[in-house]
Amino acid sequence: LASAHDAYASAASGAVLRLATLAATIPLQLCEHATVTLAAGVQKGGGSAGLAFAFLLAAPATNASSLLLLAKQPSAVAR
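Residues numbered from 1 in each chain as written. Predicted model: local features only at pLDDT ≥ 70, side-chain atom pairs only at ≥ 80, totals over all residues. Heavy atoms only, no water.

S.K.: I keep staring at a nonpolar patch on the surface and nothing clicks. Help me out?
M.R.: A surface patch of nonpolar side chains, about 370 Å² in accessible area, is lined by Val36, Phe53, Leu56 and Leu57. Ranked by residue count, the leading element in the nonpolar patch is helix α3 (residues 49-61), at 3 residues. Turning to its location among the elements, Leu56 is positioned in helix α3. Classification of Leu56 by relative accessible area gives partly exposed; the value is 32%. (Patch = residues over 30% accessible without salt bridge, like charges linked within 9 Å, V, L, I, M, F, W, Y side chains within 5 Å. Areas by Shrake-Rupley, 256 points an atom, 1.4 Å probe, with all protein chains shown as cover. Salt bridge = Lys/Arg side-chain N within 4 Å of Asp/Glu carboxyl O. Helix = DSSP H or I, 4+ residues; strand = E, 2+ residues; numbered from the N terminus. Buried < 20%, exposed > 50% of the residue type's maximum accessible area, 1.4 Å probe, protein only.)

S.K.: Could you clarify how one ought to interpret the confidence of the model for the protein in this entry?
M.R.: For the protein, per-residue confidence averages 74 on the pLDDT scale, and residues scoring 70 or more make up 68% of the total. No element of the protein has a lower mean pLDDT than helix α1 (residues 2-25), which averages 70, and none a higher one than helix α2 (residues 32-44), which averages 83. (pLDDT = per-residue confidence, 0-100.)

S.K.: Would you mind showing me how to read α3 here?
M.R.: One full turn of an α-helix is made of 3.6 residues, so residues set three or four places apart face in the same direction. For α3, built from 13 residues, the straight-helix expectation of 18 Å at 1.5 Å per residue is met to within 8% by its first-to-last C-alpha distance of 19 Å. All buried positions along α3 are accounted for by Leu51, Ala52, Ala54, Phe55, Ala58, Ala59 and Pro60. (Expected span 1.5 Å × (residues − 1).)

If you want it as structure tokens, here you go:
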């Protein structure tokens, strides 16, 4: 029972870290090339490979300019 609780706690903390990474990437104005360097820094700083990968995927797609463009062009959002 303790191992199931530990697994749940680990999964919950991983989800929280991924959501925090997504929230942190929104104000950043990064291109794909800059995120590679920062993701490597996240991993060297002790972050997991999954966290670095989440950063690689989220940072270029969720910056403020991209979100504003999508807000102005609702037809660009897949339905």
